[in-house]
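Coordinates in review
Here are the chains, one letter per residue:
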Amino acid sequence: DAGITQSPRHKVTETGTPVTLRCHQTENHRYMYWYRQDPGHGLRLIHYSYGVKDTDKGEVSDGYSVSRSKTEDFLLTLESATSSQTSVYFCAISDMGGQNQPQHFGDGTRLSIL
Amino acid sequence: EDQVTQSPEALRLQEGESSSLNCSYTVSGLRGLFWYRQDPGKGPEFLFTLYSAGEEKEKERLKATLTKKESFLHITAPKPEDSATYLCAVQALGNTGKLIFGQGTTLQVKP
């Protein structure tokens, strides 16, 4: 299994509070991704990173920000959480994102916003 | 717009009853098509990558095929442990690493 750790695994918080999810990898892969998974929508890309301090937006980036200060860590922040951001969040990594390399996923963070 | 549609949404099979899952896609130039398996409470687990029409890949009871418009995941003589959600995703040319996922097919295999 790819060395990907997501934390926390579960979180319940209130509307309006900031939330940060962490993805840690031990594979030294260049590319890291954040997805959310919702019933009826499948997996949708939020943000991704192609190197330290290099990030870009995905399909559903509004309300989210990311940071990558070192290769192994990719943080996803909800600045002011809303109920529509209740979801399961997955981190993924790949060695060379533009070269057909598969992405490998962590086991997710289940986030509930009340 | 790049799009992936999987069918059926759910499939129930008896152990040993072979079947196929479908993944139809529209993409502005295909770089790769990926199949994943997802178990409840877990992240997607990579199964196959297909790059060009006519390509086939096999792993145990699973076989993936690709045409210019769709991919099939054939399951031969399934076992209860094959029960999972199967996800299909495409990567378009020029999109660095971005995957577009279908909504998945949930397979249940009964003993």
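Right above here is the structure, for reference.
This part takes up the layout of surface pockets. One number sums up the size of the largest pocket: a volume of about 480 Å³. In this structure, the largest pocket is lined by 27 residues; those nearest its centre are Gln37, Val88, Phe90 and Arg110 of chain A together with Gln38 of chain B. Mapped by element, the contributors of at least two residues to the lining of the largest pocket are strand 4 (31–38), strand 9 (87–94) and strand 11 (109–113) of chain A together with strand 9 (84–92) of chain B. Residues that form the lining of the largest pocket fall into these classes: six nonpolar, 15 polar and six charged.

As a further point, take the sheet that holds strand 8 (residues 70–75) of chain B. Residues and elements named next belong to chain B. Here we have five strands laid out as an open sheet, ordered 1-3-8-7-6, and antiparallel in their pairing. The open sheet has two edge strands, strand 1 (3–7) and strand 6 (56–59), and neither has a second partner. Looking at each pair of strands side by side, their axes are set apart by 15° on average, direction ignored. In this sheet, strand 7 (residues 62–66) lies alongside strand 6 in antiparallel orientation, the contact comprising four bridges.

So, about the state of the cysteines. Residues and elements named next belong to chain A. Counted according to the given criterion, the structure contains two disulfides over all chains. The disulfide that involves Cys23 links it to Cys91, with 1.9 Å between the sulfurs. A torsion of -70° about the S-S bond marks the disulfide between Cys23 and Cys91 as left-handed. With Cys23 in strand 3 (residues 19–25) and Cys91 in strand 9, this residue pair connects regions lying 68 residues apart in the sequence.

For the rest of this paragraph, the subject is the sheet that holds strand 8 (residues 73–78) of chain A. All names here are of chain A. Judged by pairing direction, the sheet is antiparallel, and its four strands sit side by side in the order 1-3-8-7 without closing on themselves. Each having just a single partner strand, strand 1 (4–7) and strand 7 (64–70) make up the two edges of the open sheet. When the angles between neighbouring strand axes are averaged without regard to direction, this sheet yields 20°. Both strand 3 and strand 8 contribute to a ladder of six bridges, which runs antiparallel. Of the residues in strand 8, the one forming a bridge with Arg22 is Leu75.

Rules behind the numbers
- Residues numbered from 1 in each chain as written.
- Chains lettered and ligands numbered in written order.
- Predicted model: local features only at pLDDT ≥ 70, side-chain atom pairs only at ≥ 80, totals over all residues.
- Heavy atoms only, no water.
- 1 Å grid on protein atoms, 1.4 Å probe; cavity = no way out; pocket = protein on both sides within 12 Å on 5 of 7 lines; lining within 4 Å.
- Points joined across faces, edges and corners; volume = space filled by probe spheres on them.
- Helix = DSSP H or I, 4+ residues; strand = E, 2+ residues; numbered from the N terminus.
- Nonpolar A, V, L, I, M, F, W, Y, C, P; charged D, E, K, R; others polar.
- Pairing = 2+ DSSP bridges.
- Axes fitted to C-alpha atoms, helices over the stretch in contact; angles between N-to-C directions.
- Disulfide = S-S within 2.5 Å.

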